[in-house]
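Okay, here's what each chain looks like letter by letter:
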Amino acid sequence: MSNKYAIGIDYGTESGRAVLVELSTGEEIESHVTPYPHGVIDEVLPDSAVKLGLNWALQHPDDYMEVLRRSVPAVMKQSGISAEDVIGIGIDFTSCTMLPVDEQGTPLCFKESLKLNPHSWVKLWKHHAAQDEADLLNEIAARRGEPFMSRYGGKLSSEWMIAKIWQVLNEAPEIYRQTDLFFEATDWVVSQMTGNIVRNSCASGYKSIWHKNSGYPDRQFFSALDPRLDNLTATKLRGNIMPLGTKAGELTPEMAGVMGLKPGTAVAVGNVDAHAAVPAVGVVTPGKLVMAMGTSICHMVLGTEEKAVEGMCGVVEDGIIPGYYGYEAGQSAVGDIFAWYVDEAVPNYVHMLAGQEGIHVHEWLEKRASAYKPGESGLLALDWWNGNRSILVDTNLTGLILGCTLQTKPEEIYRALLEATAFGTRKIIDAFTQSGVEIQELYACGGLPQRNKLLMQIYADVTNREIKVAASKQTPAVGAAMFGAVAAGAERGGYATIQEASAKMARVLEQSYRPIAANVLIYEQLFQEYSRLHDYFGRGGNDVMKRLKTIKENMHTDVHHDSL
Ligand SMILES: Nc1ncnc2c1ncn2[C@@H]1O[C@H](COP(=O)(O)OP(=O)(O)O)[C@@H](O)[C@H]1O
Ligand SMILES: O=C(CO)[C@@H](O)[C@@H](O)COP(=O)(O)O
């Protein structure tokens, strides 16, 4: 029998990437990246003068289709393999990235009459404008003693589905009324490929308060939020919810033509980006924390029991690997913080020197920052540039750098920012282990681990744990391809289970990062200081960050009104 292949597509924040993977070894034959033509829409709606509010982040649904139109034919062409031998497709996506569609599955923002309404567009995972709804949801759920709250670390994020839907209802009831379904973007793309409406258990579990045994919360809960949401789950969230690895359907002839593949190719149910990465680094058992490190970090670990962990994003049975409870926590900004610093705050001379050395500013800063010992700069930062997802679950928190003097150098600030994100991860690890979810080893994947060695050494030192690094630079896409192979099934040359696929296809680099004892000691001291700042600013000791944000929002509203 000829070699068989699957295609995995990873839909990130800025781009979608397709990889073509050989199934017996996991070898990545070809990959192709399509940057989203419209990128992240956070200022003005496309082709319009409609300005977006603070904390908005939207996307264009056609950008996702563009990835299918460009990247899939590209990997097929580059590889020269026959479409007959591609037996499965899997996709993974940022989440909760959601959109409203009509009865035909057409996104409402494609309609002339609705396209100027920001609520008709895709709300990206990092859309943070539903915080009021999230706060109220948490208050009402706590008052009612809703049992599901313990599965979500005691608080639901404004990034998740119900807060986002409620914001649509509050601010654009006409869009809510015209919405037939609210979709996770991953499920919408699968529906476009197969013609079937199938939701995936992973995104539904983590982001939409769905539970394998008890389903969604009852109608009384939704009525208590808002009587207009009473029947939400039976109407606008309806649809079969299927476990990961299930075949959602087969590629339609039309989409097969667009993608250069065969009609009938198996398509797996959608998945969440970070979660797809777990089997792709070979993690199918408990005790191993997988960190998907990119724009943000998602932390995933498996367990055999359901435990309550402060501030986790969720624990979902079968949510990552069938047969286990999958735990997820996360930091809403990591690479994004470093990007902010490089783009917005690094002095011009650094850009010039990096240019003269022919290296990227990140590399220049990393090189210089590596010359410092932990603690040597006297700086400490709080990594809340995009709020705090875990463990405080509060998007109203903001960033902080402490200890600057007239001598402070850009590379010292860069190092303090790297360290701050490592302390954020350490907080998450401590929350898990203190609640009885074991973590012995760390695995890292995503865009950061192979780009920044200093960052990885700092993480090993701050967490005092060895970190293994994924061999692939496209780990979620490889994981998605594995699920595509499982959807195709063993009889067609794929795999019967994700565990089998992982055993054959997963790969990590030989070189790992081990903690350096001297650094561990200093970082322990710095972490104690970080924890004091964390609690002071994050747990009500001083709500200055929130007061500043309120003043800013009020000023923004005034300025906006003045300019009308
Ligand atoms: N050398 C580097 N050191 C630290 N961060 C980097 C470096 N190069 C890129 N980044 C950051 O990595 C992030 C992109 O990560 P990636 O995993 O590729 O994307 P995504 O999170 O969208 O999947 C960006 O936020 C970027 O600023
Ligand atoms: O929240 C999740 C997964 O649960 C992510 O999709 C979100 O943090 C975005 O991830 P990226 O940093 O774009 O890889």
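This structure is a prediction, so every number in the text was calculated from the model and none was measured.

1. A few points about the UniProt feature "domain: Carbohydrate kinase FGGY C-terminal" (unreviewed entry) in the protein
Taken from the UniProt record, the annotation "domain: Carbohydrate kinase FGGY C-terminal" (unreviewed entry) applies to residues 290-488. Between the first and last C-alpha atoms of residues 290-488 the distance is 26 Å; the span itself is 41% helix and 19% strand.

2. Description of the site of ligand 2
Near ligand 2 you find Thr-13, Thr-94, Ser-95, Trp-125, Lys-207, Val-272, Asp-273, Thr-295, Ser-296, Cys-298, Glu-328 and Arg-389, and these make up its full shell. Ser-296 is positioned with one of its side-chain polar atoms (N or O) 2.7 Å from an oxygen atom of ligand 2. A distance of 2.5 Å separates an oxygen atom of ligand 2 from a polar atom in the side chain of Glu-328. Relative to its free-state accessible area of 380 Å², ligand 2 is covered by the protein chains to the extent of 91%. Per-class residue counts for the shell around ligand 2 are three nonpolar, five polar and four charged.

3. Re the site of ligand 1
Near ligand 1, the surroundings consist of 16 residues, among which Thr-295, Gly-335, Ala-339, Gly-447 and Asn-452 are the closest. Asp-336 places a polar main-chain atom, nitrogen or oxygen, 3.2 Å from an oxygen atom of ligand 1. Calculation on ligand 1 without its partners gives an accessible area of 580 Å², and the protein chains cover 81% of this total. The element contributing the most residues to the shell around ligand 1 is helix α10 (residues 335-345), with four residues.

4. Focus: the confidence of the model for the protein
One rule of thumb: low pLDDT means the predicted coordinates there are not for detailed reading. Averaged over all residues, the pLDDT of the protein equals 96, while 99% of them reach at least 70. If you check the scores for this complex, the pTM reads 0.93 and the ipTM reads 0.95.

5. Regarding the environment of Val-544
Here Val-544 shows up in helix α18 (residues 544-563). For the pair formed by Val-544 and Val-520, sequence separation is 24 residues and the distance between their alpha carbons is 32 Å.

6. A short note on the packing of aromatic side chains
Scanning the model with the defined rule gives 17 aromatic pairs in all. Look at Tyr-176 and Phe-182: their rings are 5.9 Å apart centre to centre, the planes differ by 35°, and that puts the pair in the tilted class. Accessibility classification places Tyr-176 together with Phe-182 in one group, the buried group. Seen in terms of ring centroids, Phe-423 and Phe-527 are 6.1 Å apart; in terms of plane orientation they differ by 40°. Their pairing is tilted. Of the two residues, Phe-423 is situated in helix α13 (residues 410-434) and Phe-527 in helix α17 (residues 517-538); the sequence distance between them amounts to 104 residues. Owing to a relative accessible area of 1%, Phe-423 belongs among the buried residues under this scheme. Put simply, the rings of Phe-338, Trp-340, Tyr-341, Trp-385 and Tyr-414 pair up and form one aromatic cluster. Between the NZ or CZ atom of Lys-236 and the centre of the ring of Tyr-176, over which it lies, the distance is 4.8 Å. Of note, Arg-426 hangs over the ring of Phe-527, and the distance from its end group to the ring centre comes to 4.1 Å.

7. Regarding the sheet that holds strand β21 (residues 467-469)
Read from one edge to the other, the open sheet built from six strands follows the order β16-β17-β15-β14-β20-β21, with strand pairing classed as mixed. On the outer flanks of this sheet lie β16 (314-317) and β21, each paired with one strand and no other. Across the sheet, the axes of successive neighbouring strands diverge by a mean angle of 25°, strand direction being ignored. Taken together, the four bridges between strand β14 (residues 287-293) and strand β15 (residues 297-303) define a ladder with antiparallel strand orientation. Residue pairing in the sheet places Ala-292 in a bridge with Cys-298 of β15. Across the face of the sheet, α13 comes into contact with β14, β15, β17 (325-331) and β20 (439-445) while running at roughly 150° to β17.

8. Focus: a negative patch on the surface
A contiguous patch of negative charge, built from Asp-132, Asp-135, Glu-171 and Glu-553, is present on the exposed surface. Tracing the backbone through its elements, the reader meets Glu-171 in helix α3 (residues 161-171). The exposure class assigned to Glu-171 is partly exposed, which follows from its relative accessible area of 45%.

9. A word on unusual backbone geometry
With omega at 0°, the peptide bond leading from Ser-95 into Cys-96 counts as cis. If you trace the backbone, Cys-96 turns up in the loop between β5 (86-93) and β6 (98-101). Residues other than glycine seldom take positive phi values, yet Asp-47 does so here, at roughly 50°. With respect to the helices and strands, the residue Asp-47 is situated in the loop between β3 (28-35) and β4 (58-59). Judged by relative accessible area, which is 80%, Asp-47 ranks as exposed. The phi angle at Val-393 is positive, at roughly 50°, despite the residue not being glycine. Structurally, Val-393 can be placed in the loop between β18 (380-382) and β19 (400-402). Residue class for Val-393 comes out buried when judged on its relative accessible area of 9%.

10. Remarks on the environment of Glu-112
You can see Glu-112 is positioned in the loop between β6 and β7 (122-123). In this structure the C-alpha to C-alpha distance between Glu-112 and Ile-337, which are 225 residues apart in sequence, comes to 37 Å. In terms of polar contacts, Glu-112 uses its side chain to reach the side chain of Lys-115, at 3.2 Å.

11. Concerning the pattern of salt bridges
By the definition in use, this model includes 31 salt bridges. As a salt-bridge pair, Asp-62 and Arg-69 come within 2.8 Å of each other at their nearest N and O atoms. With a relative accessible area of 28%, Asp-62 lands in the partly exposed category. In this structure, the salt-bridge partner of Lys-115 is Glu-112, at a minimum N-O distance of 3.2 Å.

12. Remarks on a nonpolar patch on the surface
Together, Leu-548, Ile-551 and Met-555 make up a nonpolar patch on the protein surface, roughly 320 Å² of accessible area in all. Relative to the helices and strands, Leu-548 resides in helix α18. The class of Leu-548 is exposed, set by a relative accessible area of 52%.

13. Considerations on the UniProt feature "domain: Carbohydrate kinase FGGY N-terminal" (unreviewed entry) in the protein
In the numbering used here, UniProt assigns the "domain: Carbohydrate kinase FGGY N-terminal" (unreviewed entry) feature to residues 5-277. Counted over residues 5-277, helix gives 31% and strand 21%. Its end C-alpha atoms are 18 Å apart.

14. Observations regarding the domain arrangement of the protein
Domain boundaries in the protein define domain 1 (5-279 + 474-505) and domain 2 (335-465 + 516-563). Inter-centroid distance (C-alpha atoms) of domain 1 to domain 2 is 29 Å. Approximately 1,300 Å² of surface area, both sides summed, lies buried where domain 1 meets domain 2, with 53% of it carried by carbon and sulfur atoms. Where domain 1 packs against domain 2, one counts two salt bridges. In this structure, Lys-126 engages Asp-336 in a salt bridge whose closest nitrogen and oxygen atoms are separated by 3.0 Å. One can count five residue pairs in polar contact (both at pLDDT 80 or more) joining domain 1 with domain 2. Across the side of domain 1 that touches domain 2, the residue classes tally to five nonpolar, six polar and four charged.

The rules behind each value
- Residues numbered from 1 in each chain as written.
- Chains lettered and ligands numbered in written order.
- Predicted model: local features only at pLDDT ≥ 70, side-chain atom pairs only at ≥ 80, totals over all residues.
- Heavy atoms only, no water.
- UniProt positions renumbered as here; feature names shortened; annotations may be inferred.
- Helix = DSSP H or I, 4+ residues; strand = E, 2+ residues; numbered from the N terminus.
- Near = heavy atom within 4 Å.
- Polar contact = N/O pair within 3.5 Å; in protein donor to acceptor, adjacent residues only side chain to side chain.
- Areas by Shrake-Rupley, 256 points an atom, 1.4 Å probe, with all protein chains shown as cover.
- Nonpolar A, V, L, I, M, F, W, Y, C, P; charged D, E, K, R; others polar.
- pLDDT = per-residue confidence, 0-100.
- Phe/Tyr/Trp six-rings, centres within 6.5 Å; stacked < 30°, edge-to-face > 60°.
- Buried < 20%, exposed > 50% of the residue type's maximum accessible area, 1.4 Å probe, protein only.
- Lys NZ or Arg CZ within 6 Å of the ring centre and 35° of its normal.
- Pairing = 2+ DSSP bridges.
- Axes fitted to C-alpha atoms, helices over the stretch in contact; angles between N-to-C directions.
- Contact = heavy atoms within 4.5 Å.
- Patch = residues over 30% accessible without salt bridge, like charges linked within 9 Å, V, L, I, M, F, W, Y side chains within 5 Å.
- Salt bridge = Lys/Arg side-chain N within 4 Å of Asp/Glu carboxyl O.
- Lys, Arg positive; Asp, Glu negative; His and termini not counted.
- Charge placed at Lys NZ, Arg CZ, Asp CG, Glu CD.
- Domains from an automatic or database assignment.
- Buried area = accessible area lost by both parts, 1.4 Å probe.

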